[in-house]
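# Overview (structure and organization)
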Amino acid sequence: VSSVDRITDSQGQPDTFPGQSADGCFVTWDEAPSIGGAEHDVRIAHLPSGESGTLLDHARYPSWSHDGSNLVFAGIAPRSPQVYIAGMDTDCATGDAFVTSQDPVTDLYRTGDPDFTPDATKVVFNYNRDADAISTLAVVDLSSLVVTDLSATDGAGHAFVRDEGDGIGFGNSQEGGQ
């Protein structure tokens, strides 16, 4: 690493879950208006110009598809709290970035941390199964919208799919987690 540059423009607000577009021109992140705040927005910055703005209201955990054509994110109130896919139209030369569509891909409650598989045919994410608020990992097949729970992942969160597509890494908040 030859330099460290700040790209977010928040004043005292937490900026988390950054991700870079496939062409390297844009970065998205989750911005909360205050520490512990219930509202979140997905912000975007055009790296060549430094310009930034809000891309999605009431959204968290943005993650780009490997080809840069889609962004997966989790909605928060008043948006339904499930996983969404946003079609993206970006132009590095002009700095334009537009959401062309926003479609929910799950009907599960309290979802988070979605990430595409390298071929963008599936999304791994975590969700709370029941009132005890213990999260678990699941995968949704984007062609059929069938959701499959991943076994032995109680307490899992912040999942990511390896670039090779052959594994999933995640953090675990449960003592002695599986």
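Parameters and conventions
- Every chain is numbered on its own, with residues counted from 1 as its sequence reads.
- For this predicted model, a pLDDT threshold of at least 70 governs which residues receive local features, and a threshold of 80 or more governs which side-chain atom pairs are given and counted, while totals over whole chains, interfaces and linings are taken from all residues.
- Derived side-chain values reflect all non-hydrogen atoms in the structure, with water molecules and hydrogen atoms excluded from consideration.
- Confidence scores per residue from the predictor, reported as pLDDT, run from 0 to 100.
- Helix numbering and strand numbering both begin at the N terminus, where a helix is a DSSP run of H or I of at least 4 residues and a strand a DSSP run of E of at least 2.
- We call two residues contacting when some pair of their heavy atoms lies within 4.5 Å.
- Think of it in three bands: with a 1.4 Å probe and only protein chains considered, a residue is buried below 20% of the maximum accessible area for its type, exposed above 50%, and partly exposed in between.
- Salt bridges are identified by distance alone: a Lys or Arg side-chain nitrogen within 4 Å of an Asp or Glu carboxyl oxygen.
- Pairing between two strands is assigned when DSSP locates at least 2 bridges connecting them.
- Lines fitted to C-alpha atoms define the axes here, with helix axes fitted over just the stretch in contact, and angles between the N-to-C directions of these axes take values from 0 to 180 degrees.
- Each nonpolar core is a collection of buried residues, namely Ala, Val, Leu, Ile, Met, Phe, Trp, Tyr and Cys, held together in the definition by side-chain atoms within 4.5 Å.

### Some words on the confidence of the model for the protein
Within the protein, residue pLDDT values average 85, and 89% of them lie at 70 or more. Of all the helices and strands in the protein, strand E13 (residues 156-161) carries the lowest mean pLDDT, 83, while strand E7 (residues 83-91) carries the highest, 95.

### Description of the environment of Gly 112
Of note, Gly 112 is situated in strand E9 (residues 111-116). Note: C-alpha distance between Gly 112 and Arg 60 (52 residues apart in sequence) is 7.6 Å. Once you skip the residues sitting within four places of it in the chain, Gly 112 turns out to touch Tyr 61, Ala 74, Phe 125 and Asn 126.

### A look at unusual backbone geometry
You will see that Phe 17, though not glycine, has its phi angle at about 55 degrees, which is positive. Mapped onto the secondary structure, Phe 17 falls in strand E1 (residues 15-20). The phi torsion at Ala 120 lies on the positive side, around 60 degrees, for a residue other than glycine. Mapped onto the elements, Ala 120 comes out in the loop between E9 and strand E10 (122-128). Note on Ala 120: relative accessible area 26%, which makes it partly exposed.

### Considering the pattern of salt bridges
The final tally for this structure, using the stated rule, is four salt bridges. Where Arg 162 meets Glu 164, a salt bridge forms, and the shortest distance between an N and an O atom there is 3.2 Å. Classification of Glu 164 by relative accessible area gives exposed; the value is 57%. Between Asp 166 and Arg 162 there is a salt bridge, with the nearest N and O atoms lying 2.7 Å from each other. Owing to a relative accessible area of 56%, Asp 166 belongs among the exposed residues under this scheme. Among the charged side chains, a salt-bridge network with shared partners connects Arg 162, Glu 164 and Asp 166.

### Quick look at the sheet that holds strand E12 (residues 147-149)
Adjacent strands of a sheet form backbone hydrogen bonds with each other and so pair up, either parallel or antiparallel. Here four strands make up an open sheet; going across it, the order is E9-E10-E11-E12 and the pairing antiparallel. Each edge of the open sheet is held by one strand with a lone partner, namely E9 and E12. Going from strand to strand, the sheet's axes swing by 25 degrees on average, the running direction of each strand aside. In the sheet, strand E11 (residues 135-141) pairs with E12 via three bridges, with the strands oriented antiparallel. Along E12, the bridge assignment pairs Val 139 with Thr 148.

### A few points about the environment of His 58
Inspection of the secondary structure puts His 58 in the loop between strand E4 (52-57) and strand E5 (59-64). The sequence separation of His 58 and Ile 76 amounts to 18 residues, and the corresponding C-alpha distance is 5.2 Å. With residues near it in sequence (within four places) discarded, His 58 still touches His 40, Asp 41, Ala 74, Gly 75, Ile 76, Ala 77, Pro 78 and Arg 79.

### Comments concerning the nonpolar core
Counting residues in hydrophobic clusters, the biggest one holds 14 residues, and the most contacted among them are Ile 44, Leu 55, Leu 56 and Leu 71. Mapped onto this core, the elements with two or more residues apiece are strand E3 (41-46), E4, E5, strand E6 (70-75) and E7. No other element matches the three residues that E7 contributes to this core. Not counting residues within four places of it along the chain, the set of residues in contact with Leu 71 comprises Thr 28, Val 42, Leu 55, Leu 56, Pro 62, Ser 63, Trp 64, Tyr 84, Ile 85, Ala 86, Met 88 and Phe 116. Among the nonpolar cores identified, the runner-up in size contains 10 residues, and Ile 85, Phe 116, Val 123 and Phe 125 belong to it.

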